[in-house]
Amino acid sequence: MDSCPKELEPFVKAHEIKMKEQDALIYSWIGNYVLSAVIVAVDRCLSGRKSKAEYIKNPMLNDMEINSLTEEERYEKELRKALLAEEMWIHAGKMKGLPETII
């Protein structure tokens, strides 16, 4: 490799920026997950079965991924889910010995 350290500085800075962003993101996630868990635990200890607090239902990464998708990408993702569900129904029918439906 014929490059000097000065030429590599932008790559080092980019890596440092990426690591800072990852650190901030992980700190945010851990803080939110831990906060949610503590709230649920305390509420259930104090209120017992009457507690209405619930732990985070969906991972935050899924929410971020869904918000970043375009409308077409969301449609394709939902279509793949529907096709997979249909294939599962077909497989379950075959396992039960049902005849194949011809449309």
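Described in the following lines is the structure provided in the data block.

Definitions and cut-offs
Residues numbered from 1 in each chain as written. Predicted model: local features only at pLDDT ≥ 70, side-chain atom pairs only at ≥ 80, totals over all residues. Heavy atoms only, no water. Helix = DSSP H or I, 4+ residues; strand = E, 2+ residues; numbered from the N terminus. Buried < 20%, exposed > 50% of the residue type's maximum accessible area, 1.4 Å probe, protein only. Areas by Shrake-Rupley, 256 points an atom, 1.4 Å probe, with all protein chains shown as cover. Expected span 1.5 Å × (residues − 1). Contact = heavy atoms within 4.5 Å. Salt bridge = Lys/Arg side-chain N within 4 Å of Asp/Glu carboxyl O. Patch = residues over 30% accessible without salt bridge, like charges linked within 9 Å, V, L, I, M, F, W, Y side chains within 5 Å.

### A look at the overall build of the protein
Part 1 of the argument: Scanning the protein from N- to C-terminus turns up three helices and zero strands.
Part 2 of the argument: Taken over 103 residues, the protein has a buried fraction of 7%.
Part 3 of the argument: For the protein, the exposed surface amounts to about 9,800 Å²; the carbon and sulfur share of it is 63%.

### Comments concerning helix 3 (residues 71-95)
Every α-helix winds through 3.6 residues per turn, so residues three or four apart in the chain are directed the same way.
Part 1 of the argument: With 25 residues, helix 3 should reach 36 Å at 1.5 Å per residue; the first-to-last C-alpha distance of 36 Å fits that figure.
Part 2 of the argument: Trailing helix 3 by a residue or two, Gly97 shows a phi angle of about 85°, which is positive.

### Notes on the environment of Glu100
Part 1 of the argument: Structurally, the position occupied by Glu100 is in the segment after helix 3.
Part 2 of the argument: Each C-alpha atom, one on Glu100 and one on Ile90, is 8.0 Å from the other, the two residues being ten residues apart in sequence.

### Describing the side chain of Ser36
Part 1 of the argument: Structurally, Ser36 can be placed in helix 1 (residues 5-47).
Part 2 of the argument: Take Ser36: its relative accessible area is 11%, and that puts it in the buried class.
Part 3 of the argument: When sequence neighbours within four positions are dropped, the list of residues in contact with Ser36 reads Glu54, Tyr55 and Ile56.

### Structural notes on helix 1
Part 1 of the argument: With 43 residues, helix 1 should reach 63 Å at 1.5 Å per residue; the first-to-last C-alpha distance of 61 Å fits that figure.
Part 2 of the argument: Downstream of helix 1 by one or two residues, Gly48 has phi in the positive range, about 65°.

### Some points on the pattern of salt bridges
Part 1 of the argument: Summed over all chains, the structure comprises three salt bridges.
Part 2 of the argument: Notably, a salt bridge pairs Arg80 with Glu76, separated by 3.9 Å at the nearest N-O pair. Highlighted residues: Arg80 and Glu76, both in helix 3, separated by four residues, approximately one helical turn.
Part 3 of the argument: By relative accessible area, which is 54% here, Arg80 ends up exposed.
Part 4 of the argument: Among the ionic pairs, Lys81 bridges to Glu78, the shortest N-O distance being 3.6 Å. With Lys81 and Glu78 both in helix 3, this residue pair falls three residues apart, about one helical turn.

### Digging into a nonpolar patch on the surface
Part 1 of the argument: Residues Ile26, Ile30, Val34, Val38, Val42 and Leu46 make up a contiguous nonpolar surface patch of roughly 560 Å² in combined accessible area.
Part 2 of the argument: If you trace the backbone, Val42 turns up in helix 1.
Part 3 of the argument: For Val42, a relative accessible area of 43% gives the class partly exposed.

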